[in-house]
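Residue strings, one per chain:
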Amino acid sequence: MVTIVDTLKPGAVKPRHPEKAKRPDTPVLRKPDWIRVKAPGSPVYVETKQVVRENNLVTVCEEAGCPNIGECWTKKHATMMIMGDTCTRACSFCNVKTGLPAPLDGEEPENVANAVAKLGLRHVVITSVDRDDLADGGAEHFVQVIEAIRRRSPGTTIEILTPDFLRKEGALEKVVAAKPDVFNHNLETVPRLYLGIRPGARYFHSLRLLQRVKELDPTIFTKSGIMVGLGESREEVLQVMDDMRSASIDFLTIGQYLQPTRKHAAIDRFVTPEEFNSYERIARTKGFLLVSASPLTRSSYHADEDFARLREARNAAAAGR
């Protein structure tokens, strides 16, 4: 398990990624035209940002430097990141701050629910930092957030993107019992690259986590995603698809890895839109209810529309269409 321990003196400025500070700089590749996006700034974007600030919330859109923030926030689709802005893991691809997190905010569940109601969301995505410092990995906090949203906005469907709850006995069962509509946990990459890209996690534990969700409650949609452009082979990506289908995962997302800083894992290459289209076609033949594969695909990108498509796909499958 790779965790970060805060050893700085009081008052010192904390680096965002202390575990990466002494790494040599990696090359940053020039982005191709197909992955460029417009800078955010629409009036609705500003309104969404204000709601987030007023409720003292953290969003993965900002913390992870998502390229889709302008488009999503213009639609009032902000992905809430609960349990603080500091992660106990040290994944080499991620731009979320690492270190020793602050105690949980007891007002956060109601603040999230207030923001969901004010934004008028039909579907909301709730994610979190990893909290290996907590006995249950933050499972009870997820439950409290789900319950607060249901009280305030009973018509809103809820998608959660959780940590792996590694070595947290009973945590998964607690979250599943709260009955989120979609349970997402990303595998992120192929097994061969885990030691360098996701060192605090275990590929088959994450896969088993998603399989266990289906065993506990088959009505919950399961979802997982990977990044490409980290050095994986096409054959390895296809094997991950097969592994996911063996775990009965409903929804697969595949997106291009984008390097946050020169201290993060280097981009091996930019995968072309044609290759993404090929991955999507193959994944659909393997039986996923829904597949989203494109350079800018992210876990919560178009989540509202995708949830509606998921339900339609399940109904069609049940009807034998």
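Our structure is the block above this text.
In what follows, the accompanying structure is described.

Quick look at the environment of Pro199
At step 1: Summarising the element assignment, Pro199 is placed in the loop between helix H7 (194-197) and helix H8 (203-216).
At step 2: Given a relative accessible area of 18%, Pro199 falls into the buried group.

Side note on empty space enclosed by the protein
At step 1: Inspection of the entire model under this criterion finds 1 cavity of 30 Å³ or more.
At step 2: A volume near 30 Å³ is recorded for the largest cavity.
At step 3: Lining the largest cavity are Arg89, Asp130, Arg131, Asp132, Gly137, Pro163, Asp164, Phe165 and Lys168.
At step 4: Residue classes in the lining of the largest cavity are distributed as 2 nonpolar, 1 polar and 6 charged.

Regarding the nonpolar core
At step 1: Val112, Ile126, Ile149, Phe183 and Ile254 are the most contacted members of the largest nonpolar core, which totals 83 residues.
At step 2: Counting residues per element, this core draws most heavily on helix H5 (residues 139-152), which supplies 7 residues.
At step 3: For Val112, the contacting residues outside a window of four places in its chain are Leu57, Met80, Ile82, Ile126, Val145 and Ile149.
At step 4: In this structure, Phe221, Phe251, Leu290 and Phe307 belong to the second largest nonpolar core, which totals 6 residues.

Description of the side chain of Thr253
At step 1: For Thr253, the location among the structural elements is in strand S8 (residues 251-256).
At step 2: Excluding residues that lie within four positions of it along the chain, Thr253 makes contacts with Lys223, Ser224, Gly225, Ile226, Ser292, Thr297 and Ser299.

Some details on the packing of aromatic side chains
At step 1: Within this structure, the stated rule accounts for 5 aromatic pairs.
At step 2: When the centroid spacing of 4.9 Å and the interplanar angle of 90° are considered together, the rings of Tyr203 and Phe204 count as edge-to-face.
At step 3: Among the residues examined, Tyr203 registers a relative accessible area of 5% and is labelled buried.
At step 4: Residue classification places Phe204 among the exposed positions, given a relative accessible area of 58%.
At step 5: Aromatic pair Phe221 and Phe307: ring centres 5.9 Å apart, planes at 90°, arrangement edge-to-face.

Description of helix H1 (residues 43-54)
At step 1: Counted at 1.5 Å a residue, the expected span for H1 with its 12 residues is 16 Å, and the 17 Å between its end C-alpha atoms agrees.
At step 2: Among the residues of H1, those classed as buried are Tyr45, Thr48, Val51 and Val52. Buried residues of H1, viewed axially, fall in a sector of 125°; they line one side.
At step 3: Those residues of H1 that are buried lie in contact with helix H2 (60-63), helix H3 (69-74) and helix H4 (108-119).
At step 4: Two residues or fewer after H1 comes Asn56, characterised by a positive phi angle close to 55°.

Criteria and thresholds
- Residues numbered from 1 in each chain as written.
- Predicted model: local features only at pLDDT ≥ 70, side-chain atom pairs only at ≥ 80, totals over all residues.
- Heavy atoms only, no water.
- Helix = DSSP H or I, 4+ residues; strand = E, 2+ residues; numbered from the N terminus.
- Buried < 20%, exposed > 50% of the residue type's maximum accessible area, 1.4 Å probe, protein only.
- 1 Å grid on protein atoms, 1.4 Å probe; cavity = no way out; pocket = protein on both sides within 12 Å on 5 of 7 lines; lining within 4 Å.
- Points joined across faces, edges and corners; volume = space filled by probe spheres on them.
- Nonpolar A, V, L, I, M, F, W, Y, C, P; charged D, E, K, R; others polar.
- Core = buried A, V, L, I, M, F, W, Y, C linked by side-chain atoms within 4.5 Å.
- Contact = heavy atoms within 4.5 Å.
- Phe/Tyr/Trp six-rings, centres within 6.5 Å; stacked < 30°, edge-to-face > 60°.
- Expected span 1.5 Å × (residues − 1).
- Arc of directions from axis to C-beta.

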